[in-house]
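Per-entry structural report
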Amino acid sequence: MQRSISLAGVTDVLLIRPSAEIFLKSEGVRRSWEKILYTEIKKAIGEVKLRKGRGRIWIENEISPEAEERLKLIFGIQSFSRCERCDLGELEVKVLDFWNRRGNKADFTFAVRVKRTGLHEFTSQEMAAKIGALILDHHPDLKVNLDNPDYIIYIEIRDRDCYIFDEVIEGAGGLPYGVEGKVVALFSGGVDSSLACWLMMQRGSVIIPVYFDLGVFAGGEGVKRAEKVASFLQLYQRDFKPVKIDHGVFLSEVKRVLKEARLDNYRCLFCKREMYRVAEKIAAREGCKGIVTGESLGQVASQTLDNLFVLDQAVDIPVFRPLIGLDKMEIERLARKVGVYEICISIKEECLAIPEKPITSGNLKKILDLESALID
Ligand code: ATP
Ligand code: MG
């Protein structure tokens, strides 16, 4: 693809579309969120000149392909496009010129899509039809196909400014960095909790990840996996650095106490309830509004509705489970889309303390009785 061709009267600009939901907010909220977004853009790609206006941001400087890649990691950006800008009076000449350089291939179908804001004597549809006819005049071998074209030429008209482009690059979407505040996450580095963290980040949460090192019960290289996945998530949240908690000693105690009580199948519930309690303490210290986990309904090792209820009783703050209603396939699909799936599965980890048949409907009273002996 050709880039940065500067013609007289045509300027290359990068047009950024912030997430539409930012503009559904009240004036004050919208402004403060936009400000965060501008700061994040500058942090990611350096001091650039940003022009702002009604639902769009334009970067007027030339930016490198690497900087463009970094834009894809900023929450609050729906999509962006490299455009050529011209005045409405020059639009037809410039569109033809753009076409000749970028779209000019024989024997294929195309569509023109026009978006417009401001007062004009034409509708978007009329302008699209006019430009389409103009292209056909010059290239009678082409065909228009509005439903499934091989090539789309987009034109955005804002008052007299016109932006011509043929590519819409998808951004990370969601809400700008941290606008919702902080949460603690039980982060194992597995597919589920990693995706759960990403989803909460995308909704404007800053995550404090907590990793529990299983010690003698760690099968595989969980610590290494958590670090590897964390460094990927740092692309989205610079300070995504797991707090490490030694969980092995606690688990040994649990194993001993439950063996005596002949309740080995309760191990997972005891293990998780302790994770929740530790997370709650960290949340209180850090001013977090809840705990995020990768649990989803009906998954292995105890994720039944009954057990999730029992887990929730361990703490007084909200537990957020962004994956609760998703099945394994859907989780995998999303994790692949985000780019975290391959990293999570590249290092193996398993828990050696999982009993043969974890209980699916834990009895809270039994748990509370035994826990009083375990927890100081
Ligand atoms: P994941 O893919 O996130 O590891 P999982 O499918 O293996 O989840 P479980 O082992 O039952 O499921 O864990 C449920 C949730 O408990 C995880 O999604 C995560 O939030 C938390 N969790 C499990 N193990 C750890 C750990 N070692 N450190 C921190 N959190 C953990
Ligand atoms: Mg796991």
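This write-up is about the structure you can find in this document. Bear in mind the structure is a predicted one, so any value in this text is a computation, not a measurement.

So, about unusual backbone geometry. Phi at Asp-159 is positive, roughly 55°, even though this residue is not glycine. Mapped onto the elements, Asp-159 comes out in the loop between β7 (151-158) and β8 (161-165). Judged by its relative accessible area of 38%, Asp-159 is partly exposed. Positive phi is not limited to glycine here, since Arg-262 has a value of about 55°. With respect to the helices and strands, Arg-262 occurs in the loop between α7 (248-260) and α8 (267-286).

Buried residues dominate β8, accounting for four of its five residues. Where strand β4 (residues 77-87) meets β8, four bridges bridge the pair, whose relative direction is antiparallel. Within the sheet, the bridge partner assigned to Arg-85 lies in β8 and is Tyr-163. Two elements, β7 and β8, share five bridges in a ladder whose sense is antiparallel. Among the inter-strand pairings, Tyr-154 is bridged to a residue of β8, identified as Phe-165. Linkage of β7 to β8, two consecutive antiparallel strands, is achieved through a turn of two residues, within which Asp-159 is found at a positive phi near 55°.

Attention shifts here to the pattern of salt bridges. Under the counting rule described, the total for this entry stands at 40 salt bridges. With a shortest N-O distance of 3.0 Å, Glu-92 and Lys-130 are connected by a salt bridge. Residue Glu-92 is located in helix α3 (residues 91-103), and its partner Lys-130 is located in helix α4 (residues 124-138); the two are separated by 38 residues in the primary sequence. Judged by relative accessible area, Glu-92 falls into the partly exposed class, the value being 33%.

Next up on the list: the site of ligand 1. Close to ligand 1 lie 18 residues; Leu-186, Ser-188, Asp-192, Ser-193 and Gln-303 are nearest. In the complex, the protein chains occlude 85% of the 570 Å² of accessible area that ligand 1 would expose alone. Listed by contribution, the elements that provide at least two residues to the shell around ligand 1 are α5 (191-202), β11 (205-213) and α8. For the shell around ligand 1, the class distribution of residues is eight nonpolar, seven polar and three charged.

To continue, consider the nonpolar core. Counting residues in hydrophobic clusters, the biggest one holds 36 residues, and the most contacted among them are Val-184, Leu-186, Leu-258, Tyr-266, Leu-269, Phe-270 and Tyr-276. It is α8 that provides the largest number of residues to this core, a total of nine residues. Residue contacts for Leu-269: discarding those within four places in its chain leaves Asn-307, Val-310, Leu-311, Ile-359, Gly-362 and Ile-367.

Among the secondary structure elements, Asn-307 is positioned in helix α9 (residues 305-312). At a separation of 3.0 Å, a polar atom in the side chain of Asn-307 contacts the main-chain amide nitrogen of Gly-362. Ignoring anything within four residues of it in the chain, the contact list for Asn-307 reads Leu-269, Ser-302, Ile-359, Thr-360, Ser-361 and Gly-362.

Turning next to the pairing of β11. Counted residue by residue, β11 has eight buried out of nine residues, so it is predominantly covered. Taken together, strand β10 (residues 181-186), α5 and β11 constitute a β-α-β crossover, and its handedness is right-handed. Relative to strand β13 (residues 243-246), β11 is paired through four bridges, and the arrangement is parallel. Bridge pairing in β13 links Phe-212 to Ile-245.

Compared with the 16 Å implied by 1.5 Å per residue over twelve residues, the 16 Å span of α5 between its first and last C-alpha is a close match. Counting buried residues along α5, twelve of its twelve residues qualify, which places the element largely inside the surrounding structure. Those residues of α5 not exposed but buried are Val-191, Asp-192, Ser-193, Ser-194, Leu-195, Ala-196, Cys-197, Trp-198, Leu-199, Met-200, Met-201 and Gln-202. Gly-204, located one to two residues past α5, shows a positive phi value of around 85°.

Basis of the calculations
- Residues numbered from 1 in each chain as written.
- Chains lettered and ligands numbered in written order.
- Predicted model: local features only at pLDDT ≥ 70, side-chain atom pairs only at ≥ 80, totals over all residues.
- Heavy atoms only, no water.
- Helix = DSSP H or I, 4+ residues; strand = E, 2+ residues; numbered from the N terminus.
- Buried < 20%, exposed > 50% of the residue type's maximum accessible area, 1.4 Å probe, protein only.
- Pairing = 2+ DSSP bridges.
- Salt bridge = Lys/Arg side-chain N within 4 Å of Asp/Glu carboxyl O.
- Near = heavy atom within 4 Å.
- Areas by Shrake-Rupley, 256 points an atom, 1.4 Å probe, with all protein chains shown as cover.
- Nonpolar A, V, L, I, M, F, W, Y, C, P; charged D, E, K, R; others polar.
- Core = buried A, V, L, I, M, F, W, Y, C linked by side-chain atoms within 4.5 Å.
- Contact = heavy atoms within 4.5 Å.
- Polar contact = N/O pair within 3.5 Å; in protein donor to acceptor, adjacent residues only side chain to side chain.
- Right-handed = clockwise from strand over helix to strand, strands pointing away.
- Expected span 1.5 Å × (residues − 1).

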